[in-house]
Amino acid sequence: MGVVTPGFTGRARGDNPRVPPGQYLTEDFPVLSVGPTPRVTTRQWEFAVVTEHGERRSWSWPELLALPSEKFTVDIHCVTQWSKLDTRWRGVRVETLIGDLDTAADYAMAHCYGGYTTNLPLADLLDGQAWIAYEYGGKPLTPEHGGPARLVVPHLYFWKSAKWVRELRLTGKDDPGFWETAGYHDYGDPWREQRYQGD
Amino acid sequence: MAGTAVSGRLAWQVARLAAIRQETATARTLVFDIPGWPGHLAGQHVDVRLTAADGYTAQRSYSLAAPAEGGRVELTVQRVPGGEVSEHLTGPYAIGDPVEIRGPIGGWFVWRPADRAPVLLVAGGAGIVPLMAMVRARRAAGSRALFRLVYSLRTPDELYYADELRKPYAGLDITYVYTREMPEGRAGIPRRLDVATLNSAAWPADFEATSYICGPTGFVETAADILLSLGRDPRSIRTERFGPSRD
Ligand SMILES: Cc1cc2nc3c(=O)[nH]c(=O)nc-3n(C[C@H](O)[C@H](O)[C@H](O)COP(=O)(O)OP(=O)(O)OC[C@H]3O[C@@H](n4cnc5c(N)ncnc54)[C@H](O)[C@@H]3O)c2cc1C
């Protein structure tokens, strides 16, 4: 047990099994990003998957909307300690986008409008674990929350759920992205409190 | 993390409260002793962990308010009504009491004394904290980088670091924006940060200044949008958002 701070009793008791250690529940939807919110119109918007061989498949906004999508309700966990339960989204599964592209890649780097990047193991994006989401709470995703479309990977800390996502580059090698270069954990499992390098 | 490379796990360190400076009726600066503190860059933050007698813990992030002096580290905490951690730190928490701290964290929202570019700091309320660390780091290093600070606050009573900011300081220009109540004797009516104010305070685009914006989400969004509309390069604008936002 840590060092007790006299008189501190705490308020939000962490007895909810859906809340990972060190997290507290919020009803808000806090916004955290590294710079100004990019304003990407759906007319300019394009999303691409690029394989390690350089093969590229891309979608315009209407093309994305025409793909099979699903509604999903998930809990999300931010490294700044808030968790939010039962967030409702609509989006396209990442595996739908990867489709039958020829790849043996083990990793993916998400690249975003605005220059943000984050790395993930490709396996964490497949099997219904990750989506390119374009609706939140039944409405179009707002720019502050990554609209028109963002990656949502709820089982990892939310900085991995890249906002304003533009491209997924599949690679054989795990290179760190933006926050990972700035001292954050390479993988980011909230249940193991993988916040910073070495956690 | 850039500048203060850490290898291995960022360990929790025991910090003891050494001094308190009341900034406003609802905010205080906490000066901690943390033996062996590795030092940090202006703009970085720490995680603070409180543990109750029954083992329950709560942790939150707080910006470092000043450059470290040996093992002395300062945070400024604003009381959030009903807030689990801030109410303790601005209330019962007393000299000699321990907390656990780990850091420094963050390698992006930082200013380094070697940076020569002009700097625009835009603070909303408690968002002044990491920006004040930059002002203090500039002074401590004898840097000549030109600084401008735009500090938005509801009322004059909410000014943090009042004694220090009221002293004129070469190379630092300050513009105050009051959103609810003006100081006595100052002309004008309270209003929110607007294009005209930022346009006159921000460096001209060709100065290639770096802008740091910190405050509640809505404030940061507005300030960043204004700077973009004034033609600033998005890559020159760094933001840190503290507060919650409602959808
Ligand atoms: C990188 C970073 C740096 C930060 N630096 C500072 C700092 O230097 N000084 C500082 O005072 N805070 C800072 N914060 C905010 C701080 O981490 C806590 O969120 C804040 O102290 C509230 O925590 P709490 O436990 O008291 O409230 P909680 O118990 O978490 O929240 C209680 C209620 O208040 C709401 N709430 C939470 N935070 C705020 C807020 N800021 N304004 C209004 N309502 C709120 C919550 O949504 C909730 O409804 C920083 C946050 C981050 C992410």
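Here the structure is a predicted model, which means the values were calculated and not measured. (Residues numbered from 1 in each chain as written. Chains lettered and ligands numbered in written order. Predicted model: local features only at pLDDT ≥ 70, side-chain atom pairs only at ≥ 80, totals over all residues. Heavy atoms only, no water.)

**Points about the sheet that holds strand E10 (residues 210–215) of chain B**
Residue and element names in this part refer to chain B.
And then number 1: Here five strands make up an open sheet; going across it, the order is E9-E8-E7-E10-E11 and the pairing parallel. With partners counted over all chains shown, the strands left at the sheet margins are strand E9 (172–178) and strand E11 (237–241), one partner each. Mean inter-strand twist for the sheet, computed between neighbouring axes without regard to direction, equals 10 degrees.
And then number 2: As defined by bridge partners, strand E7 (residues 119–124) adjoins strand E8 (residues 147–153) across six bridges and the pair is classed as parallel. Paired with Val122 across the strands is Val150, a residue of E8.
And then number 3: Of the strands in this sheet, E7, E8, E9 and E10 are in contact with helix H2 (residues 128–141), which crosses E7 at around 145 degrees.
And then number 4: Most of the contacts of helix H5 (residues 217–229) go to E10, to which it runs at about 155 degrees, and overall it touches E7, E8, E10 and E11. (Pairing = 2+ DSSP bridges. Helix = DSSP H or I, 4+ residues; strand = E, 2+ residues; numbered from the N terminus. Axes fitted to C-alpha atoms, helices over the stretch in contact; angles between N-to-C directions. Contact = heavy atoms within 4.5 Å.)

**Details of the nonpolar core**
And then number 1: Phe47, Val49, Leu125, Leu151 and Trp179 of chain A are the most contacted members of the largest nonpolar core, which has 45 residues in total.
And then number 2: Among the secondary structure elements, those contributing two or more residues to this core are strand E2 (46–50), helix H1 (61–66), helix H2 (94–98), strand E6 (107–112), strand E8 (131–136), strand E11 (165–171) and helix H3 (178–181) of chain A.
And then number 3: The residues touching Leu125 of chain A, leaving out its near neighbours within four places in the chain, are Val94, Glu95, Ala108, Leu120, Ala130, Leu151, Val153 and Leu168 of chain A.
And then number 4: In this structure, Ala27, Met134, Val135 and Leu153 of chain B belong to the second largest nonpolar core, which totals 33 residues. (Core = buried A, V, L, I, M, F, W, Y, C linked by side-chain atoms within 4.5 Å. Buried < 20%, exposed > 50% of the residue type's maximum accessible area, 1.4 Å probe, protein only.)

**Here's the deal with the confidence of the model for chain B**
Residue and element names in this part refer to chain B.
And then number 1: With 95% of its residues at a pLDDT of at least 70, chain B reaches an overall mean of 91.
And then number 2: In the predicted structure, residues 1–6 sits below a pLDDT of 50 and forms 19 contacts with residues beyond four places in sequence or in another chain.
And then number 3: Interface confidence for the predicted complex, expressed as ipTM, amounts to 0.79; the pTM equals 0.86. (pLDDT = per-residue confidence, 0-100.)

**Looking at the interface of chain B and chain A**
And then number 1: Taken together, the 48 residues of chain B in the interface contact 43 residues of chain A.
And then number 2: Summing both partners gives a buried area of about 3,800 Å² for chain B against chain A, and 51% of it is carried by carbon and sulfur.
And then number 3: Of all residues in chain B, the largest losses of buried area upon contact with chain A belong to Thr51, Tyr56 and Arg241 of chain B, amounting jointly to 15% of the total for that side.
And then number 4: For the pair chain B and chain A, the number of links is three salt bridges.
And then number 5: The tally of links from chain B across to chain A stands at 10 residue pairs in polar contact (both at pLDDT 80 or more).
And then number 6: Put simply, the parts of the chain that give the side of chain B that touches chain A at least two residues each are strand E3 (45–51), strand E4 (57–63), helix H1 (84–89), strand E6 (98–105), H5 and E11 of chain B. (Buried area = accessible area lost by both parts, 1.4 Å probe. Salt bridge = Lys/Arg side-chain N within 4 Å of Asp/Glu carboxyl O. Polar contact = N/O pair within 3.5 Å; in protein donor to acceptor, adjacent residues only side chain to side chain.)

**Here's the deal with the pairing of E11 of chain A**
Residue and element names in this part refer to chain A.
And then number 1: Pairing of E2 with E11, which is carried by three bridges, proceeds in the parallel orientation. Paired with Val50 across the two strands is Arg169, which belongs to E11.
And then number 2: Relative to E11, E6 runs antiparallel, the two sharing six bridges. When the sheet's bridge partners are listed, Met109 is paired in E11 with Arg169.

**Describing the site of the ligand**
And then number 1: Looking at the ligand, there are 23 residues lining it, with Asp28 of chain A together with Ser61, Tyr62, Val85 and Ser86 of chain B nearest.
And then number 2: With respect to the ligand, its neighbouring residues span chains A and B.
And then number 3: Between the ligand and Arg60 of chain B, the relevant distance is 2.9 Å, taken from an oxygen atom to a side-chain nitrogen or oxygen of the residue.
And then number 4: The backbone of Gln78 of chain B places a nitrogen or oxygen atom 2.9 Å from an oxygen atom of the ligand. (Near = heavy atom within 4 Å.)

**Some remarks on H5 of chain B**
Since there are 3.6 residues in each turn of an α-helix, residues three or four apart along the chain are aligned in direction.
Residue and element names in this part refer to chain B.
And then number 1: Given a rise of 1.5 Å per residue, 13 residues ought to cover 18 Å, and the 18 Å separating the end C-alpha atoms of H5 matches this to within 8%.
And then number 2: Looking only at H5, the buried set comprises Thr217, Phe219, Val220, Glu221, Ala223, Ala224, Ile226 and Leu227.
And then number 3: Those residues of H5 that are buried lie in contact with E7, E8, helix H4 (195–201), E10 and E11.
And then number 4: Just past H5, the residue Gly231 takes up positive phi, approximately 90 degrees. (Expected span 1.5 Å × (residues − 1).)

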